[in-house]
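Below are the chains, spelled out letter by letter.
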Amino acid sequence: MARRSTIEQLPRELADLCHRLIRDGRTIHEITDALNELGADVSKSAVGRYTKGAREKMEHYREAQAVAGQWVSQLNEDPGSDVSSLLAEMLKTVAFQTIASMGTEQGELDKQGKPKAPKAMDLMLLAKAIRDMEASTKQSLERRAAIEKAAMQRAADKAGEVGTRAGLSQAAIDEIQRELRLL
């Protein structure tokens, strides 16, 4: 079984401080000194290993944010496009990858050396996130449909006004409005 890092074994307050210092771009020496001043017994090599891993995770996170930002930008241009379906599928893929990696990220193995099963709470939170994403997608599509319907109603009303001013018969105006409302 892989041993937990010294930083992971620290009390939450000290681990949080370590994370904050890493995010602030502090050096390994500064982080080690700050932790040791508060009573932690950590070596520069332990902080170095942990910092390297944390910075790699932060870089992956930044890359994921950039990609997500591009997808969201494209999605905002055309919410009903295939991009929204692709985004939903991407989220599902990430969810399944997360499930697959739960318990193995920190080298957590059971007595037989196999990765530990995900915790029930982790699975529940992930399932809730997927459910919320699906509900949000449905609400977005419904909101878009309502906006389009309202816009068509306004267009039909305006066509009626213009038709009346132009001297069209009421039957012609009704036909134009009926066609616009069916779109």
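Please read all numbers here as calculations on a predicted model, not as lab measurements.

(A) Region of the structure containing the side chain of Gln-177. Mapped onto the fold, Gln-177 is located in helix H6 (residues 170–182). The residues touching Gln-177, leaving out its near neighbours within four places in the chain, are Ala-156, Asp-157 and Gly-160.

(B) A look at the packing of helix H1 (residues 12–23) against helix H2 (residues 28–37). It is at 10 Å that the axes of H1 and H2 come closest, and there the two elements cross at 160°. Judged by the angle between their axes, H1 and H2 are roughly antiparallel. Note that H1 runs across H2; the crossing there is right-handed. Residue-level contacts link Leu-14, Leu-17, Cys-18, Leu-21 and Ile-22 of H1 to Ile-31, Ala-34 and Leu-35 of H2. A per-class count over the contact of H1 with H2 returns eight nonpolar, no polar and no charged.

(C) Highlighting the pattern of salt bridges. This structure, assessed with the given rule, holds six salt bridges. Between Glu-59 and Arg-62 there is a salt bridge, with the nearest N and O atoms lying 3.3 Å from each other. Taken as a pair, Glu-59 and Arg-62 lie in helix H3 (residues 44–77) at a separation of three residues, close to a single helical turn. With relative accessibility at 45%, the residue Arg-62 sits in the partly exposed group. Salt-bridge contacts for Lys-158 lead to Glu-161; the nearest nitrogen and oxygen are separated by 3.7 Å. Here Glu-161 and Lys-158 lie together in helix H5 (residues 120–166), a separation of three residues that amounts to about one turn.

(D) Main features of the nonpolar core. Of all hydrophobic cores here, the largest spans 15 residues; its most connected members are Ile-7, Leu-10, Cys-18, Ile-22, Ile-31, Leu-35 and Val-42. Of all the secondary-structure elements, those providing two or more residues to this core are H1, H2 and H3. Residue contributions to this core peak at five residues, all from H1. Beyond its immediate stretch of four places on either side in the chain, Ile-7 contacts Ala-15, Cys-18, Leu-35, Val-42, Ala-46, Val-47 and Tyr-50.

(E) Structural context of H1. Along its 12 residues, H1 runs 16 Å from first to last C-alpha, staying within 8% of the 16 Å computed at 1.5 Å per residue. Of the residues one or two after H1, Gly-25 is the one with positive phi, at around 80°.

(F) Representation of the environment of Glu-8. On the secondary structure map, Glu-8 appears in the segment before H1. For the pair Glu-8 and Tyr-50, spaced 42 residues apart in sequence, the C-alpha to C-alpha distance is 8.7 Å.

Rules behind the numbers
- The residue numbers shown here count from 1 along each chain, following its written sequence.
- In keeping with the model being predicted, local features are shown solely for residues with a pLDDT of at least 70 and side-chain atom pairs are shown and tallied solely at 80 or more, while totals for entire chains, interfaces and linings include all residues.
- Side-chain numbers come from the whole structure's heavy atoms, not from hydrogens or water.
- Strands here are runs of E lasting at least two residues and helices are runs of H or I lasting at least four, both read from the DSSP assignment and numbered beginning at the N terminus.
- Residue contacts are defined here by distance: any two heavy atoms, one from each residue, within 4.5 Å place the two residues in contact.
- Axis definition: a line fitted to C-alpha atoms, limited for helices to the stretch in contact. Angles are taken between N-to-C directions and run from 0 to 180 degrees.
- Orientation categories follow fixed angle ranges, with anything under 35 degrees roughly parallel, anything over 145 roughly antiparallel, 65 to 115 roughly perpendicular, and all other angles oblique.
- Crossing handedness is read from the near helix: turned anticlockwise from the far helix by less than a right angle, it gives a left-handed crossing, and turned clockwise, a right-handed one.
- Polarity classes work like this: nonpolar for Ala, Val, Leu, Ile, Met, Phe, Trp, Tyr, Cys and Pro, charged for Asp, Glu, Lys and Arg, and polar for all others, with Gly in that last group.
- A carboxyl oxygen of Asp or Glu within 4 Å of a side-chain nitrogen of Lys or Arg is what we treat as a salt bridge.
- Here the term buried applies to any residue with accessible area under 20% of the maximum for its type, exposed to any over 50%, and partly exposed to those in between, with areas from a 1.4 Å probe on protein chains only.
- Among buried residues, those of type Ala, Val, Leu, Ile, Met, Phe, Trp, Tyr and Cys that are joined through side-chain atoms within 4.5 Å constitute a nonpolar core.
- Helix span, expected: 1.5 Å multiplied by one less than the number of residues in the helix.

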